[in-house]
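Structural description and commentary
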Amino acid sequence: MILGLISACALPRVGPNKQEIFAGSVLREGDSFVLTVDDRINAIAAVAPALGFSAGFLNAGVIGSDTIRPGDTLGLTIFENVDDGLIVPQGANSTLLEEVQVDGDGFIFVPYAGRIRAAGNTPEAIRRIITERLGDQTPDPQVQVRRLAGDGATVSVAGAVNAQGVYPIERPTRTLISMLAAAGGVSINPEIARVKIQRGSHTAEIFYDDLYDSPRNDVALRGGDNIIVNADTRSFTALGATGSQERVQFETKTISAIEAIATVGGLSSLTADPTGVFVFRTEPEAIAEQLVGLDVTGPQRVVYVLDLTQPNGMFTAREFAIRDGDTVYVTEAPFVRFDKTVAAITGSLSATSALTNASGL
């Protein structure tokens, strides 16, 4: 009777045991592929969506720092070699036209020279155009053109940087790394910082640390780019016989199964079964086919099994890469359930004895 009551009531536990997980295999009655992790499985399962810039970003050339753009401001100085000048006031040898704004169509207006296309030209090219036009009206004019500001080509820098704002693309800030430096650098742990560039309808993202892996990653900027720095949002869930059960954010670009377990306090020394460390994941079709050697349709549920007691078990777990959305689950050791059963029986016997004694009274 007591054993019947115990079997009818489930004993408390942290989750399924090894036998119940294996029962979910497609080889039995379930719909999951249960795979023991080895070097081959590790090599296939380690494939993860990569961040990086497309060819359009990588192959874009650096904008010439002297190229004038709509919105830029120019300073003009015009010299004339006559007493009664066309533009220069009487008694002076030059006139100064400060803060000549390049309009939205890319033009400026200069008295007696008219409307001149500035956008797309360098200050030297603009100087020659103004000189030629004034030369028809005053002898041997001398023109000096200066670019006063680069606000015509700007990018916005937002997110986890120390100085968010709109910054001009100037000679020192024509590439991504230098622009981030102008914004004070990232304000979060660089290991989990992700940098996104939005350029029109195109978007690309890269880990901050990867910017320094190759000079090509320091891509050239374009006016209107939006640069956004955010913390990595990837996470995994730890359950079962571990130090704690929780959802854990990635603190590094990559994390192994061993590191994931250590992050939540390691295996419970009192209850954990080191032969039953499982990682639950939904794999895309292409990876699933490589794993199981069969044709499958669509994403597949895969359960990876790690046995830390095997000769290479710790090395295998150290090389197994945890991915975003994974569930890491550690089963309880068989003796734990036995102890719980014994405790339940003992408790039931004590309760029955107490009831019998009470009835006798």
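Residues numbered from 1 in each chain as written. Predicted model: local features only at pLDDT ≥ 70, side-chain atom pairs only at ≥ 80, totals over all residues. Heavy atoms only, no water.

Details of helix H5 (residues 123-135)
For clarity, the cut-off: Numbering of helices and strands runs from the N terminus, with a helix taken as a DSSP run of H or I at least four residues long and a strand as a DSSP run of E at least two residues long. Between the first and last residue of a helix there are one fewer steps than residues, each counted as 1.5 Å, and that sum is the expected span. The buried label applies to any residue whose accessible area, calculated with a 1.4 Å probe on protein chains only, is under 20% of its type's maximum; exposed applies above 50%, and partly exposed to all values in between. Taking the helix axis as origin, the arc is that swept by the directions to the C-beta atoms.
Here H5 spans 18 Å end to end across 13 residues, near enough to the 18 Å set by a 1.5 Å rise per residue. Those residues of H5 that sit buried are Pro123, Ala125, Ile126, Ile130 and Leu134. All buried residues of H5 lie within an arc of 160 degrees about the axis, which places them on one face of the element.

Examining the pattern of salt bridges
Here is the rule we go by: Criterion for a salt bridge: a side-chain nitrogen of Lys or Arg within 4 Å of a carboxyl oxygen of Asp or Glu.
Taken as a whole and assessed by the stated rule, the structure comprises 15 salt bridges. Notably, a salt bridge pairs Asp72 with Arg147, separated by 3.4 Å at the nearest N-O pair. Highlighted residues: Asp72 in the loop between helix H4 (55-58) and strand E2 (73-79) and Arg147 in strand E6 (residues 142-149), separated in sequence by 75 residues. A relative accessible area of 0% places Asp72 in the buried class. One network of salt bridges, in which partners are shared, links Arg194, Glu205, Asp232 and Arg234.

Structural notes on the layout of surface pockets
Cut-off, in case you're wondering: Definitions used throughout: a 1 Å grid over protein atoms alone; a cavity as a set of points that fits a 1.4 Å probe which cannot get out; a pocket as an open set with protein on both sides within 12 Å along at least five of seven lines; a lining residue as one with an atom within 4 Å of a point. Grid points are joined across faces, edges and corners, and a volume is the space filled by probe spheres set on the points. All residues other than Ala, Val, Leu, Ile, Met, Phe, Trp, Tyr, Cys, Pro, Asp, Glu, Lys and Arg, Gly among them, are scored as polar; the first ten of these are nonpolar and the last four charged.
Reported here for the largest pocket is a volume of approximately 420 Å³. Lining the largest pocket are 16 residues, with Ala48, Pro49, Phe207, Arg234 and Lys253 sitting closest to its centre. Tallied by class, the residues present in the lining of the largest pocket amount to nine nonpolar, one polar and six charged.

Things to note about the packing of aromatic side chains
Heads up, the condition is: The aromatic pairing rule takes the rings of Phe, Tyr and Trp, using the six-membered ring of Trp, and pairs them if the centres are within 6.5 Å, calling planes under 30 degrees apart stacked, those over 60 edge-to-face and the rest tilted.
With the rule as written, the count across this model stands at seven aromatic pairs. Centre to centre, the rings of Tyr208 and Tyr212 are 5.6 Å apart; their planes meet at 70 degrees, and the pair counts as edge-to-face. For Tyr212, a relative accessible area of 48% puts it in the partly exposed group. A network of ring pairs unites the aromatic residues Phe22, Phe278, Phe280 and Tyr329 as a single cluster.

Overview of the sheet that holds strand E9 (residues 193-199)
What counts, and what does not: In this scheme, strands are said to pair when DSSP sees at least two bridges between them. For helices, the fitted axis covers only the stretch in contact; all axes are lines through C-alpha atoms, and the angles between them, taken along N-to-C directions, range from 0 to 180 degrees.
Pairing is mixed across the open sheet formed by five strands, whose spatial order is E8-E7-E11-E9-E10. Pairing within the sheet leaves two strands with one partner each, and these edge strands are strand E8 (165-168) and strand E10 (202-207). Adjacent strand axes in the sheet meet at a mean angle of 20 degrees, parallel and antiparallel pairs treated alike.

What about the sheet that holds strand E12 (residues 235-240)?
With mixed pairing, the six strands of this open sheet are ordered in space as E1-E15-E14-E16-E12-E13. Strand pairing shows two members of the sheet lacking a second neighbour, strand E1 (32-36) and strand E13 (246-249), which therefore form its edges. When strand polarity is set aside, the average angle formed by the axes of neighbouring strands in this sheet is 25 degrees. Bridge count between strand E14 (residues 272-283) and strand E16 (residues 327-332): five bridges; the pairing is antiparallel.

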